[in-house]
Amino acid sequence: MKLTFTSQSPDKVLQENKTGILNFQNLYSVYLFNKHQEFRGAIASPYNFIFPDGRVLSFLLKTNQVRGPSFTRRFLETKLNKKQKHFFILPETKDLKLLIEKYPKLKNSKTYAPPYIKNSTFSEEEVKKILEQLKKFKPTHIWICIGNPKQEILANQLYKRYKALYFNVGAATDFLLEKKKEVPLIFRKLGLEWFYRLVTDFRYSWKKVLGSLVGLRYLKKIKIIKKDL
C-alpha cells in the first residue's frame, strides 16, 4: 500500500467534487503511514485527496506545497458563500464564536468539541454522537481541527456514514485565532518549520521532528497521481 498524493490543486478538487476528504500532510504523516495501522487505513481510502503540506516534502516530490493553514485562511477569506453550511470539530466550542467574529459569513455554522482521548480513535458512541449532529444540521463542509492522526481517522469514520467535504486542517484555526504562533514566513520558505518548532517548543515538537526524519526513509512508498472521485 502506497501513500498517494494528488497533483491537482485544492481548488480543482473542490471544483470537480462535491464530497471527499482533503488532507494536508507532511513528513511526519509519512512516518505515521508506515507505523500506524489505523492512520494508514484511513488516509489510504479512495475518497481522500492528499496534498504535501511541508516544503521539504513538496520539494522531494517535485510538486507544489499546499499548507493547511494557508488553504484554510484563503478559503474563509474568499470562498464562503450562502450555499455552504459549515460544521467545525474544534478543541473548544468557543473558538467558533471567535471565528465568526473574524469571518461573519460563518454566522450560521455549528461546532462540536469532542472529549480529549489519549489514543487515536474515538469510541463508536462518540462517533454516533457527532453523526447525529451532522445529520440534523446537514453541513456541506466539515472542518476537523484536532491534529493527526485523530482527525484523519475520525474523518474516515464519519465520511462512510455522512458524505460531505471534509477538511483535516489540524492547528489552522489556532493560527487564525492567534491561539498559537505560526512559523515566520522566512522559515516556511526555507523549509525550516521543523527547526523553528524544535527550538521554540522542544517539549512538544521533538517527537514529531524525529518522526519526520524517519519519514524520509519511506519516501519510496509515495506516488503522485491526478485523480477524481
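Refer to the structure presented above.
These remarks concern the structure in this document.

Rules of the game
Residues numbered from 1 in each chain as written. Predicted model: local features only at pLDDT ≥ 70, side-chain atom pairs only at ≥ 80, totals over all residues. Heavy atoms only, no water. Salt bridge = Lys/Arg side-chain N within 4 Å of Asp/Glu carboxyl O. Helix = DSSP H or I, 4+ residues; strand = E, 2+ residues; numbered from the N terminus. Buried < 20%, exposed > 50% of the residue type's maximum accessible area, 1.4 Å probe, protein only. Axes fitted to C-alpha atoms, helices over the stretch in contact; angles between N-to-C directions. Parallel < 35°, antiparallel > 145°, perpendicular 65-115°, else oblique. Contact = heavy atoms within 4.5 Å. Nonpolar A, V, L, I, M, F, W, Y, C, P; charged D, E, K, R; others polar. Core = buried A, V, L, I, M, F, W, Y, C linked by side-chain atoms within 4.5 Å. Arc of directions from axis to C-beta. Patch = residues over 30% accessible without salt bridge, like charges linked within 9 Å, V, L, I, M, F, W, Y side chains within 5 Å. Areas by Shrake-Rupley, 256 points an atom, 1.4 Å probe, with all protein chains shown as cover.

1. Focus: the pattern of salt bridges
When the charged atoms of two side chains lie near each other, side chains of opposite charge can form a pair.
Point 1. The tally for this structure, following the rule as stated, stands at 13 salt bridges.
Point 2. Residues Lys129 and Glu126 are paired through a salt bridge, measuring 3.8 Å at the closest nitrogen-oxygen approach. With Lys129 and Glu126 both in helix α7 (residues 124-137) and three residues apart, the pair spans about one turn of that helix.
Point 3. We classify Glu126 as buried; its relative accessible area is 8%.
Point 4. One network of salt bridges, in which partners are shared, links Glu92, Lys94, Asp95, Asp174, Lys179 and Lys180.

2. Some thoughts on the packing of helix α2 (residues 27-35) against helix α12 (residues 202-215)
Point 1. Closest axis-to-axis distance for the α2/α12 pair is 7 Å, and the angle between their directions is 75°. Classed by the angle they form, the pair α2 and α12 counts as roughly perpendicular. Seen from α2, the contacting residues are Leu27, Tyr28, Val30 and Tyr31; seen from α12, they are Lys207, Lys208, Gly211, Ser212, Val214 and Gly215.
Point 2. Residues belonging to the contact of α2 with α12 are distributed by class as follows: five nonpolar, three polar and two charged.

3. Topic: the nonpolar core
Point 1. Residues Leu22, Phe71, Leu76, Trp143 and Phe167 are the most contacted members of the largest nonpolar core, which totals 25 residues.
Point 2. Per-element tally for this core: the top contributor is helix α5 (residues 68-78), with three residues.
Point 3. Core analysis: the next-biggest nonpolar cluster, separate from the first, contains 21 residues, Phe87, Ile142, Ala155 and Ala164 among them.

4. Topic: helix α6 (residues 94-102)
Point 1. When α6 is considered as a whole, its buried residues turn out to be Asp95, Leu96 and Leu99. In an axial view of α6, the angular spread of the buried residues amounts to 100°, which keeps them on one side of the axis. α6 presents Lys94, Lys97 and Glu101 as exposed residues on the side facing more than 90 degrees away from its buried surface.

5. Things to note about a nonpolar patch on the surface
Point 1. On the surface, a nonpolar cluster with roughly 1,100 Å² of combined accessible area is contributed by Val56, Phe59, Leu60, Trp194, Phe195, Val199, Phe202, Trp206, Leu210, Leu213 and Leu216.
Point 2. The set of elements that each furnish at least two residues to the nonpolar patch consists of α4 (55-61), α11 (193-200) and α12.
Point 3. Broken down by element, the nonpolar patch gets its largest block of residues, four residues, from α12.
Point 4. Mapping Phe195 onto the fold places it in helix α11.

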